[in-house]
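Overview (structure and organization)
As a plain string of letters, each chain reads:
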Amino acid sequence: MGEKSRLCRVWVGSETGILKGVSPAKKQAFNFSETRSLSRDQEVRVLCWGDPAETEVLVGSVNGTVRTFSTEKGVFTETRQCGDADQGVFTGLAVADCGLVTCVETGRLRVWREESSSPVVDIDAGKSVCRMRQNASQKNRVATGGKENGLKIWDLERPDTPVFSAKNLRDDWLDLRQPEWLRDAAFLPDSDKIVTCTGHHQVRVYDPSTPQRRPVLEVRYGEYPLTCLSLAAGAQSVVVGNTHGSLAVLDLRKGLVRGCLKGLAGGVRGLQCHPTLPLVASCGLDRFLRIHSLETRALEHKVYLKSRLNCLLLASGALGEEVGGEVEEVKEEEDEVWQSMEQVEEKSKRKAPEEDDEEVTQVTNRKKKGHK
């Protein structure tokens, strides 16, 4: 399993609880979970890297467990309990300087350390939390938000109060309160700004460095709820996906839609842009992993993974790095298996054209003799 896991460049979590590794260049997918003992409470909801070298994948399941998968050995090396299933499913998972950070739907934002079975930090981030995201440049800062739960940015070293709380938009022209529904968020690199998407098809940019608590930019896309987003390489544009299988690239400088990515047939649940290459990977209810080019907006790779997919994790290296000696060895093993199999030849039941012509000629001659 170690050889197979080293070939994978994309990791995908499914509703059935299977962690799948995908090699897009070879269009191969591998299951790294024991399929005989799967249950619905093992459904994978969140994925994140366990170390900067990307040798460990942390898998958060519905039952409140976080499993550690080694990409070098190809096996799960550790399982720890981080909360109960009654507290809601995971909405975020991250590794900070202070420990493992988890967040669930009920709003319990916690920090866990290896030597302790209980959390060292426990924050109430509000009810109905839909997403928790970590700031890559300041790993002790995370953002939370959800349905009727506005954007909040927390410093895990000072967890008493949030360092930033977004303010809702002003009432509309009918003097009615505008609903809040944050679905996903991402921190802009080397900046205090953060971009969010909502269930009311809005993309907003907040700047905590200014006194303004309302968004400094708002863009609307489509008519359906947005489910996830990811910043493209360069952080000048963002890719968003919605519940009807639409992907769009939005310009954060001008607030315009730069283009759409086609080919999806179901709601988008997982989305991640490559950190250095103009590529974006997506997955969702149609059971396909797709990788699009952000330059040409063409579909580069498409792999069918058999189950409905919840989340994905994209490696930082090139997607074609796996082409090498290990792939050739696996291919040689497959060739040996195919060559050792007996060849089965099926006899064709369809008659040859010559036989059909002979039968027609014989029937015609019999009819002529009958008339005589």
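You'll find the structure just up there.
Read on for a plain summary of the structure. (Residues numbered from 1 in each chain as written. Predicted model: local features only at pLDDT ≥ 70, side-chain atom pairs only at ≥ 80, totals over all residues. Heavy atoms only, no water.)

For the protein, the count of helices and strands is 3 helices and 28 strands. Sorting the 372 residues of the protein into buried and exposed places 48% on the buried side. Accessible surface, the protein: about 20,000 Å² in total, of which carbon and sulfur atoms supply 46%. (Helix = DSSP H or I, 4+ residues; strand = E, 2+ residues; numbered from the N terminus. Buried < 20%, exposed > 50% of the residue type's maximum accessible area, 1.4 Å probe, protein only. Areas by Shrake-Rupley, 256 points an atom, 1.4 Å probe, with all protein chains shown as cover.)

Once that is clear, we can look at the nonpolar core. Core analysis: the largest hydrophobic core is formed by 16 residues, its most contacted members being Val195, Val203, Leu229, Leu231, Val238, Val240 and Leu250. Secondary structure elements with two or more residues in this core: β17 (194-198), β18 (202-206), β20 (226-231), β21 (237-242) and β22 (247-251). A total of 3 residues in this core trace back to one element, the largest contributor, which is β20. Not counting chain neighbours up to four residues away, the residues in contact with Val195 comprise Asp184, Ala185, Ala186, Leu188, Val203, Arg204, Val205, Leu229, Leu231 and Leu252. (Core = buried A, V, L, I, M, F, W, Y, C linked by side-chain atoms within 4.5 Å. Contact = heavy atoms within 4.5 Å.)

Bringing unusual backbone geometry into the picture now. Of note, Asp175 is a non-glycine position whose phi angle comes to about 60°, a positive value. Take Asp175: it is sitting in the loop between β15 (164-165) and β16 (182-187). Notably, Asp190 is not glycine yet its phi reads approximately 55°, a positive angle. Turning to its location among the elements, Asp190 is positioned in the loop between β16 and β17. Residue class for Asp190 comes out exposed when judged on its relative accessible area of 76%.

So, about the sheet that holds β16. The strands making up a sheet associate through backbone hydrogen bonding, with each pair oriented either parallel or antiparallel. Overall, antiparallel pairing links the 4 strands, which are arranged β16-β17-β18-β19 in an open sheet. In this open sheet, the two strands that pair with only one neighbour each are β16 and β19 (217-220). The mean angle between the axes of side-by-side strands here comes to 15°, regardless of whether they run parallel or antiparallel. With 5 bridges connecting them, β16 and β17 associate as antiparallel partners. Opposite Phe187, over in β17, you have Ile194 as the bridge partner. (Pairing = 2+ DSSP bridges. Axes fitted to C-alpha atoms, helices over the stretch in contact; angles between N-to-C directions.)

With that out of the way, let us pick up a nonpolar patch on the surface. Together, Trp173, Leu174 and Leu176 line one region of the surface with nonpolar side chains, adding up to about 410 Å² of accessible area. Assessed through its relative accessible area of 48%, Leu174 is described here as partly exposed. (Patch = residues over 30% accessible without salt bridge, like charges linked within 9 Å, V, L, I, M, F, W, Y side chains within 5 Å. Salt bridge = Lys/Arg side-chain N within 4 Å of Asp/Glu carboxyl O.)

Here we come to empty space enclosed by the protein. Within this structure, the stated rule accounts for 1 cavity of 30 Å³ or more. In this model, the largest cavity occupies a volume close to 100 Å³. Secondary-structure elements contributing two or more residues to the lining of the largest cavity are β14 (149-155) and β18. For the lining of the largest cavity, the residue count by class is 6 nonpolar, 7 polar and 3 charged. (1 Å grid on protein atoms, 1.4 Å probe; cavity = no way out; pocket = protein on both sides within 12 Å on 5 of 7 lines; lining within 4 Å. Points joined across faces, edges and corners; volume = space filled by probe spheres on them. Nonpolar A, V, L, I, M, F, W, Y, C, P; charged D, E, K, R; others polar.)

Under the definition given, this model contains 14 salt bridges. Between Arg133 and Asp184 there is a salt bridge, with its nearest N and O atoms 2.8 Å apart. Taken together, the positions of Arg133 in strand β12 (residues 129-134) and Asp184 in strand β16 put the pair 51 residues apart, joining distant regions of the chain. A relative accessible area of 0% means that Asp184 is categorised as buried. The partner of Arg177 in a salt bridge is Glu148, with the nearest N and O atoms 2.7 Å apart. Of this pair, Arg177 sits in the loop between β15 and β16 while Glu148 sits in the loop between β13 (141-146) and β14, placing them 29 residues apart in sequence. On the basis of relative accessible area, Arg177 is assigned to the partly exposed category, the value being 48%. Residue classification places Glu148 among the partly exposed residues on the basis of a relative accessible area of 43%. In the salt-bridge network here, residues are joined through shared partners; they are Arg108, Arg110, Asp122 and Asp124.

Bringing the layout of surface pockets into the picture now. In this structure, the second largest pocket spans a volume of roughly 250 Å³. For the lining of the second largest pocket, the secondary structure elements donating two or more residues are β5 (56-61), β6 (65-70), β7 (75-81) and β9 (99-104). Along the lines of polarity and charge, the residues of the lining of the second largest pocket split into 5 nonpolar, 3 polar and 5 charged.

So, to be careful, I would describe these as geometric facts and stop short of saying anything about function.
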